[in-house]
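This is what each chain is made of:
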Amino acid sequence: MPLHSVSVAGAVTREDGRFLAIRRADNGAWELPGGVLELGETPQEGVAREVWEETGVRVKVGDLTGVYKNITQGVVALVFRCTPCGGSERPSAESTAVVWLNSDEVTERMTKVYAIRLHDAAKTTGPCVRSHDGRHLLDGSS
């Protein structure tokens, strides 16, 4: 029987509309801060922990903005809208850079399967549900 893992990520947005992003230490890719949800924590606790660990930024976790499944790796990612409420940006063992990107920079630096998560979070509608193969969105994701 195939196994799935659940990850969480924060779509952290400043008052000026810029999004918090990291450059991953393991592969150099630009993504939202996040990671695997630990067994004894709620999704909201996991988001706050992951954002803090990877960026040095403390967040207030808000609404769920999307559910994303990587079909090839069996990873289901829950993305939450977050607002910064303390700390200061710094890289970590998991991130080589921490920056605030505008919408165009998100599109330029991130692959579509990660950029769409921030663009979805910027919408005021309910959560989006999308599937991808690690690089491309699959037909039928809404």
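Scroll up for the structure.
Below, the structure is looked at part by part. (Residues numbered from 1 in each chain as written. Predicted model: local features only at pLDDT ≥ 70, side-chain atom pairs only at ≥ 80, totals over all residues. Heavy atoms only, no water.)

Let us now look at the sheet that holds strand β8 (residues 128–132). Judged by pairing direction, the sheet is mixed, and its five strands sit side by side in the order β4-β1-β6-β5-β8 without closing on themselves. The sheet is open, and its two edges are formed by β4 (34–36) and β8, each paired on a single side. Averaged over neighbouring strand pairs, the angle between their axes works out to 30° when direction is ignored. In this sheet, β4 lies alongside strand β1 (residues 5–12) in antiparallel orientation, the contact comprising three bridges. Paired with S7 across the bridge in β4 is V36. Most of the contacts of helix α1 (residues 43–55) go to strand β5 (residues 57–70), to which it runs at about 110°, and overall it touches β1, β4, β5 and β6 (75–87). With respect to the sheet, helix α3 (residues 112–122) is in contact with β1, β5, β6 and β8, its orientation differing from that of β8 by roughly 175°. (Pairing = 2+ DSSP bridges. Helix = DSSP H or I, 4+ residues; strand = E, 2+ residues; numbered from the N terminus. Axes fitted to C-alpha atoms, helices over the stretch in contact; angles between N-to-C directions. Contact = heavy atoms within 4.5 Å.)

Moving on: the nonpolar core. Core analysis: the biggest nonpolar cluster contains 20 residues, and A11, L32, Y68, V79, V106, M110 and L118 have the highest contact counts within it. Every element with two or more residues in this core is listed here: β1, β2 (19–24), β6, β7 (95–101) and α3. Of the residues forming this core, the biggest block, six residues, is contributed by α3. Those residues within four positions of L118 in sequence are excluded, and the remaining contacts are A11, F19, L32, V106 and M110. If you look at the next biggest cluster of nonpolar residues, it comprises 13 residues, including V12, V47, V57 and W100. (Core = buried A, V, L, I, M, F, W, Y, C linked by side-chain atoms within 4.5 Å. Buried < 20%, exposed > 50% of the residue type's maximum accessible area, 1.4 Å probe, protein only.)

Right, let's talk about the sheet that holds β7 for a bit. In spatial order, the strands read β3-β2-β7; together these three strands make up an open sheet with antiparallel pairing. Only two strands of the sheet have a single neighbouring strand rather than two, namely β3 (30–31) and β7. Looking at chain direction, β2 and β3 are connected through two bridges and run antiparallel. Bridging from a neighbouring strand, R23 pairs with W30 of β3. Here α1 sits on the sheet in contact with β2 and β7, set at roughly 60° to β2.

Here we take up the pairing of β7. The element β7 is extensively covered by neighbouring structure, given that five of its seven residues are classed as buried. With six bridges joining them, β2 and β7 adopt antiparallel strand pairing. Bridge assignment links L20 to a residue of β7, and that residue is W100.

A rise of 1.5 Å per residue sets the reference length of α1, with its 13 residues, at 18 Å; its end C-alpha atoms lie 18 Å apart and thus fit the reference within 8%. Looking at α1, one finds that the buried residues are G46, V47, R49, E50, V51, E54 and T55. Residues of α1 that are buried sit in contact with β1, β2, β4, β5, β6 and β7. Downstream of α1 by a residue or two, G56 has a phi angle that is positive, lying close to 80°. (Expected span 1.5 Å × (residues − 1).)

Our focus in this paragraph is the environment of G66. The topology assignment puts G66 in strand β5. The class of G66 is buried, set by a relative accessible area of 0%. A sequence separation of 59 residues divides G66 from S7, and the C-alpha atoms of the two residues are 12 Å apart. Excluding residues within four positions of it along the chain, G66 makes contact with A77, L78, V79, P127 and C128.

You can see T124 is positioned in the loop between α3 and β8. Exposure remark for T124: the relative accessible area of 80% places this residue in the exposed category. Between the alpha carbons of T124 and T65 there is a distance of 8.9 Å; along the sequence they are 59 residues apart.

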